[in-house]
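Observations on the model geometry
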Amino acid sequence: MSNKSKKFLVPGITAVVMVFIVILAKLDILNNYYQTILMTICINVIMSASLNIVNGYMGEFSCGHGGFMAVGAYVSSLLSLIFFCPGNSITGHALLPPGSAVFLFPVVILLGGFASMIVSLLVAIPSFKTRDDYLAIVTIATNFIITTSLNNIPIVGESRGLMGMKSTLSQMNNIVDLPWSLIWGMIFAALTVYAIHRIMTSTLGQGISAIRYDEISAEIMSVNTNKMKLIAFTFSSGLAGVAGGLFAHMLGFINPASFGIMKSTESLVMVYLGGMGSLSGSVLSAFIFTILLELLRPAQIFKWVIIPLMLILIMQFRPEGIMGTRELPQVFPKLKKLFPVNLNIVRRTESSDTGGSL
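Remember, predicted model here, so these are calculated numbers, not experimental data. (Residues numbered from 1 in each chain as written. Predicted model: local features only at pLDDT ≥ 70, side-chain atom pairs only at ≥ 80, totals over all residues. Heavy atoms only, no water.)

**Here we look at the overall build of the protein**
Using the following cut-off: Counting from the N terminus, the helices are the DSSP runs of H or I reaching at least four residues and the strands are the DSSP runs of E reaching at least two. Burial classification: accessible surface area is computed with a 1.4 Å probe over protein chains only, and a residue below 20% of its type maximum counts as buried, one above 50% as exposed, and the rest as partly exposed. All accessible-area figures derive from a Shrake-Rupley calculation using a 1.4 Å probe, and residue coverage is judged against the displayed protein chains alone.
Summing up its helical and strand segments, the protein has 15 helices and 2 strands in all. Of all 358 residues assigned to the protein, the portion counted as buried reaches 49%. If you sum the accessible surface of the protein, you get close to 17100 Å²; carbon and sulfur atoms cover 69% of it.

Below you can see the structure in the form of structure tokens.
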């Protein structure tokens, strides 16, 4: 197989799998319940992989990912209602032809992610003067500030919440009857994994990873650590905003309580379950965690005791997570032909694990 063929093999397989899932959904072999589970997995993949950029690859400790998810959810929901939903509670009419949602829906989701990036800038610039426990406290406080603010903004329904986003999906179904929520969830999840893989195997990614192992040495080697932190944190927060937009349209209703500290805890559990600094681990943990939540649904409120307990047990008995800092090609060497691993990052990881230096 030529190198050019290998380059398109994984995207091709991913596209075929996605088309197959859409066909199953269209034939009602995958009913609404299973579609919701798959959609939730896609959202959790984005949340886990994005938080892993900061907590895993960069080695900082952010605990407020749910807050940035809330920003993306509310901004994209407001834009969706204003642009595509006739009779909405904000403008009373749609500013654009409702059918244009088929083409402009991803733009709305991306604008929600961009809003999360802007908010994260306000947090990142002052907070990166601190590290470790202090950064965790700052991000937890940010999560509370965002949710408390949303509780007191009338245009978004205050504590009552915001609803009506399902109307956008209905407008899209009127044009072409497809499971649009699932389709865009899979597309954004695949693009997130691809984008993070490309970034973390690039020179920029090596600079971000260098901060984790030795920030002082990284600065000596001419790495602009403040710039790396800013890029990693804002990109991570932007992806959380994208996940929030998808989450809002999947449910059709959101309120500030949906994005409290427990939502941030879910993201932390997935990151540490999969392995800090492992993109493959983030994807795997998103699958495991989502299925586990469904199995725990009969436990009702007690599952919110079990989830934090999982985080404690992971930290105690397997702090490196399922994959550690490894990727699939390092666990299964034959996959290196399909998923090339940046050897510089691998060597740095091995050096850190054995007590070496950069």
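**Some thoughts on the pattern of salt bridges**
Rules: Salt bridges are defined as contacts in which a side-chain nitrogen from Lys or Arg sits within 4 Å of a carboxyl oxygen from Asp or Glu.
Applying the stated criterion across every chain, the model contains 6 salt bridges. Between R297 and E294 there is a salt bridge, with the nearest N and O atoms lying 2.7 Å from each other. Residue R297 is classed as partly exposed on the basis of its relative accessible area, which comes to 46%. Exposure remark for E294: the relative accessible area of 19% places this residue in the buried category.

**Digging into the environment of T168**
In plain terms, the rule: Contacts: residue pairs with any heavy atoms within 4.5 Å of one another.
Structurally, T168 is set in helix 6 (residues 166-175). T168 sits in the buried class, given a relative accessible area of 0%. Along the sequence, T168 and C85 sit 83 residues apart, while their C-alpha atoms lie 6.2 Å from each other. In contact with T168, not counting residues within four places along its chain, are S80, F84, C85, A101, F105 and H249.

**Some thoughts on the environment of F259**
With respect to the secondary-structure elements, F259 resides in the loop between strand 2 (253-254) and helix 11 (261-274). Placed 113 residues apart in sequence, F259 and I146 show a C-alpha to C-alpha distance of 9.2 Å. Setting aside chain neighbours within four positions, we find F259 in contact with G66, G67, M69, A70, A73, Y74, N143, T147, F247 and I254.

**Concerning the packing of helix 7 (residues 180-200) against helix 10 (residues 225-251)**
Just so we agree on the cut-off: Think of each axis as a best-fit line through the C-alpha atoms, taken over the contacting stretch in the case of a helix, with angles from 0 to 180 degrees between the N-to-C directions. Each angle is binned into one of four classes, with values under 35 degrees roughly parallel, values over 145 roughly antiparallel, values of 65 to 115 roughly perpendicular, and all other values oblique. When residues are sorted by character, Ala, Val, Leu, Ile, Met, Phe, Trp, Tyr, Cys and Pro go into the nonpolar class, Asp, Glu, Lys and Arg into the charged class, and all the rest, Gly among them, into the polar class.
Between helix 7 and helix 10, the least distance of the axes is 10 Å, while the angle of their chain directions is 170°. Compared by their axis directions, helix 7 and helix 10 come out roughly antiparallel. Mapping the contact onto sequence places S181, W184, G185, F188, T192, A195, I196 and I199 in helix 7 and F235, L239, V242, L246 and M250 in helix 10. In terms of residue class, the contact of helix 7 with helix 10 is built from 10 nonpolar, 3 polar and no charged.

**Some points on the packing of aromatic side chains**
Each aromatic ring pair is characterised by the separation of its centres together with the angle its planes make. The condition is simple: Think of it this way: a Phe, Tyr or Trp ring, Trp meaning its six-membered ring, pairs with another when their centres are within 6.5 Å, and the plane angle makes it stacked under 30 degrees, edge-to-face over 60, tilted otherwise. Cation placement over rings: the criterion is NZ of Lys or CZ of Arg within 6 Å of the ring centroid and within 35° of the ring normal.
Summed over the entire model, instances satisfying the criterion amount to 8 aromatic pairs. Here F105 and W184 contribute two aromatic rings whose centre-to-centre distance is 6.5 Å and whose plane-to-plane angle is 45°, an arrangement assigned as tilted. Here F105, found in helix 4 (residues 101-127), pairs with W184, found in helix 7; they are 79 residues apart in sequence, far enough to count as distant. Relative accessible area serves as the criterion here: at 2%, F105 is assigned to the buried category. Within the aromatic cluster, the residues linked to one another by ring pairs are Y74, F247 and F259. In this structure, K263 packs its charged tip against the face of F247, placed 4.7 Å from the ring centre.

**Observations regarding the nonpolar core**
Going by this rule: Buried Ala, Val, Leu, Ile, Met, Phe, Trp, Tyr and Cys residues form a nonpolar core when they are joined through side-chain atoms within 4.5 Å.
Grouped together as the largest cluster of nonpolar side chains are 86 residues, with contacts concentrated most on I43, I46, M172, I196, L246, I254 and F259. The element best represented in this core is helix 2 (residues 32-57), accounting for 13 residues. Setting aside residues no more than four positions away along its own chain, I254 makes contact with A73, Y74, S77, G161, L162, M165, F247, A248 and F259.

**With respect to the confidence of the model for the protein**
Basically, it comes down to this: Summary of the metric used: pLDDT quantifies the predictor's per-residue confidence within the range 0 to 100.
In this model, the protein carries a mean pLDDT of 85, and residues with pLDDT of at least 70 account for 89%. Here residues 342-358 is a poorly scored stretch, pLDDT under 50, and it has 22 contacts once near neighbours within four places are set aside; other chains count.

**Considering helix 12 (residues 279-295)**
Put simply, the rule is: Expected span of a helix: the number of residues minus one, times 1.5 Å. Residues adjacent in sequence count toward polar contacts only when both atoms are side-chain atoms; beyond that, a polar contact is any pair of N or O atoms within 3.5 Å, and within protein one must be able to donate a hydrogen and the other to accept it.
Helix length check: helix 12 (17 residues) gives 25 Å between terminal C-alpha atoms against 24 Å at 1.5 Å per residue, within 8%. Those residues of helix 12 not exposed but buried are L279, S280, G281, S282, S285, A286, F289, T290, L293 and E294. Close packing links the buried residues of helix 12 with helix 2, helix 7, helix 11, helix 13 (303-317) and helix 14 (328-331). With a side-chain oxygen positioned 2.9 Å from the backbone nitrogen of G281, the residue opening helix 12 is S278.

**So, the packing of helix 8 (residues 203-213) against helix 10**
Here helix 8 crosses helix 10 at 105°, and the two axes come no closer than 9 Å. As far as their axial angle goes, helix 10 and helix 8 are roughly perpendicular. Along its contact with helix 8, which presents L204, G207, I208 and I211, the element helix 10 presents T225, M228, K229, I231 and A232.

**Description of unusual backbone geometry**
Positive phi values are uncommon outside glycine, yet D28 reaches one of about 65°. Residue placement: D28 occurs in the loop between helix 1 (3-26) and helix 2.

**Let's talk about helix 3 (residues 65-84)**
Taking 1.5 Å of rise per residue, 20 residues should cover 28 Å, and helix 3 covers 28 Å from first to last C-alpha, within 8% of that figure. Of all 20 residues in helix 3, 18 are buried, a share of seventy percent or more.

**A few points about the environment of S127**
Relative to the helices and strands, S127 is located in helix 4. Relative accessible area serves as the criterion here: at 3%, S127 is assigned to the buried category. In this structure the C-alpha to C-alpha distance between S127 and V138, which are 11 residues apart in sequence, comes to 6.7 Å. When sequence neighbours within four positions are dropped, the list of residues in contact with S127 reads L135 and V138.

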